[in-house]
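Analysis of the macromolecular model
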Amino acid sequence: MAVPVPRPVIDAVPAYRPGRPAPSDALKLSSNENPFGPLPSVAQAAGAELTRMNRYPDAGMTRLYGALEAALEVPADQFAAGTGSVAVLYSLLSAYCSPGDEVVYAWRSFEAYPIAVELSGARSVRVPLRPDGTHDLDAMAAAVTDRTKVVLVCTPNNPTGPVVRHDDLVSFVDRLRDDVVVVVDEAYQEFVREPLAARGLPLVLEGRPNVVVLRTFSKAYGLAGLRVGYLCGPAAIAESVRKATAPFSVTDVAQAAAVASLAAVDELAERVDAVVAEREVLLAGLRAQGWEVPDSQSNFVWLPLGDDAVEFAAAVEPVAVRAFAGDGVRVSVGDPEVDAQLLKAAGVWIAGR
Ligand SMILES: *Cc1c(COP(=O)(O)O)cnc(C)c1O
């Protein structure tokens, strides 16, 4: 009997694996979420939109783009928002890639990249990270061919944590053809304290024709559950990405929460500072126990456990962490008590080795 058959890529790609569930939200250190609940002003703005749920959202996202224009000092037509920056990446890849094209990115990096790339019809070209968890931009530049349409640079890199240096990013972009889209994924940029770290926005402001920045409200802004992220780049690319995005995808609830968050950025910055301080506590604690942890400029730390990754994740339960089999474990920064619980379990583990 004949049955409907999806494109072969649907069988080939793995399903996205979400962070391990935990007995409670506080114990979930597996998805890089913000441990703080929503700000009252943000919850109120979002809640007010619930009474209008019979209406379609503002498809033009005028308030959101206006608020981003004011916050980033970039004209509104240079933004494209979507249901999380991952969804924006899907739109960008569908707008720029045809079957047989190539997308270059570092590996290991964000789990969503291979899935997004392959679903678009393009081929993944993965360039191994250096042993310290940083991008090897020379090797990435060398991996670019005539078929390369997009290059993804994740800084800070998920899941290893280090940033690309700004001068390295500039010389990397200088070496690429202008028709290769360079996506600087800055999902964690608010947590960066390294002064030499890469910043994509100045390259956009310089008017580079091919550099875009991806940002999200899911991490530092604590809106992971509402799904809103955006791209900032040349107007031509932003327009193509908006066209490739399903209409009405970002709800008014999410748009209102994002706008209210941009208005409360000082209050949110205090929370981000607390997460950064806690990250340093976690890094120092782990290193004191003898762990070799790469520098993290994000809200997570990386334990290069190799073949022990899955076993370690089981050993630290009920704290839920993210194991990448054969490679390592990513631990999100959480509440100090839960981080202390994790640290204790990590100490027991390493003492037993
Ligand atoms: C979390 C994350 C994102 C954003 O996710 P959304 O919730 O879809 O906005 C993007 N890139 C990286 C590397 C991430 O870790």
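Residues numbered from 1 in each chain as written. Predicted model: local features only at pLDDT ≥ 70, side-chain atom pairs only at ≥ 80, totals over all residues. Heavy atoms only, no water.

Some remarks on the packing of aromatic side chains
Taken as a whole and assessed by the stated rule, the structure comprises eleven aromatic pairs. The interplanar angle of 65° and the centroid separation of 5.0 Å between the aromatic rings of Phe-217 and Tyr-221 together place this pair among those described as edge-to-face. Both residues of the pair, Phe-217 and Tyr-221, count as buried. Between Trp-302 and Phe-324, the aromatic rings sit 5.9 Å apart at their centres with planes inclined by 45°, giving tilted as the arrangement. In this pair, Trp-302 is assigned in strand S8 (residues 300–303) and Phe-324 in strand S9 (residues 322–324), connecting sequence segments 22 residues apart. For the pair shown, Trp-302 and Phe-324 are each scored as buried. Taken together, the ring pairs connect Phe-79, Phe-217, Tyr-221 and Tyr-230 into an aromatic cluster. The cationic tip of Arg-126 hangs over the ring face of Trp-107; the distance from NZ or CZ to the ring centre is 4.2 Å. Directly above the aromatic system of Phe-300 lies the positively charged group of Arg-330, at a separation of 5.9 Å from the ring centroid. (Phe/Tyr/Trp six-rings, centres within 6.5 Å; stacked < 30°, edge-to-face > 60°. Buried < 20%, exposed > 50% of the residue type's maximum accessible area, 1.4 Å probe, protein only. Helix = DSSP H or I, 4+ residues; strand = E, 2+ residues; numbered from the N terminus. Lys NZ or Arg CZ within 6 Å of the ring centre and 35° of its normal.)

What to know about the site of the ligand
Neighbouring the ligand are 13 residues; Ser-85, Tyr-188, Thr-216, Ser-218 and Lys-219 lie closest to it. Asn-158 places a polar side-chain atom, nitrogen or oxygen, 2.8 Å from an oxygen atom of the ligand. Taking Tyr-188, its side chain carries an N or O atom lying 2.6 Å from an oxygen atom of the ligand. Alone, the ligand offers 380 Å² of accessible surface; in the complex the protein occludes 93% of this. For the shell around the ligand, a count of residues per class yields five nonpolar, five polar and three charged. (Near = heavy atom within 4 Å. Polar contact = N/O pair within 3.5 Å; in protein donor to acceptor, adjacent residues only side chain to side chain. Areas by Shrake-Rupley, 256 points an atom, 1.4 Å probe, with all protein chains shown as cover. Nonpolar A, V, L, I, M, F, W, Y, C, P; charged D, E, K, R; others polar.)

Topic: the packing of helix H3 (residues 62–72) against helix H10 (residues 252–263)
Packing of H3 against H10 leaves a shortest axis separation of 9 Å and a crossing angle of 20°. One element, H3, and the other, H10, form an angle in the roughly parallel class. Crossing hand, H3 versus H10: left-handed. Where H3 approaches H10, its residues Arg-63, Leu-64, Ala-67, Leu-68 and Ala-71 are matched on the opposing element by Gln-255, Ala-258, Val-259 and Leu-262. Residue composition of the contact of H3 with H10, grouped by class: seven nonpolar, one polar and one charged. (Axes fitted to C-alpha atoms, helices over the stretch in contact; angles between N-to-C directions. Parallel < 35°, antiparallel > 145°, perpendicular 65-115°, else oblique. Left-handed = near helix turned anticlockwise from the far one by under 90°. Contact = heavy atoms within 4.5 Å.)

Observations regarding unusual backbone geometry
For the peptide bond that leads from Thr-155 to Pro-156, omega is -5°, which places it in the cis range. Within the element layout of this structure, Pro-156 appears in the loop between strand S4 (148–154) and helix H7 (166–175). Cis geometry is adopted by the peptide bond preceding Pro-159, which originates at Asn-158 and carries an omega value of 15°. Topologically, Pro-159 is positioned in the loop between S4 and H7. The backbone of Asn-32 sits at a positive phi, close to 55°, despite the residue not being glycine. The topology assignment puts Asn-32 in the loop between helix H1 (8–12) and helix H2 (40–50). Judged by relative accessible area, which is 1%, Asn-32 ranks as buried.

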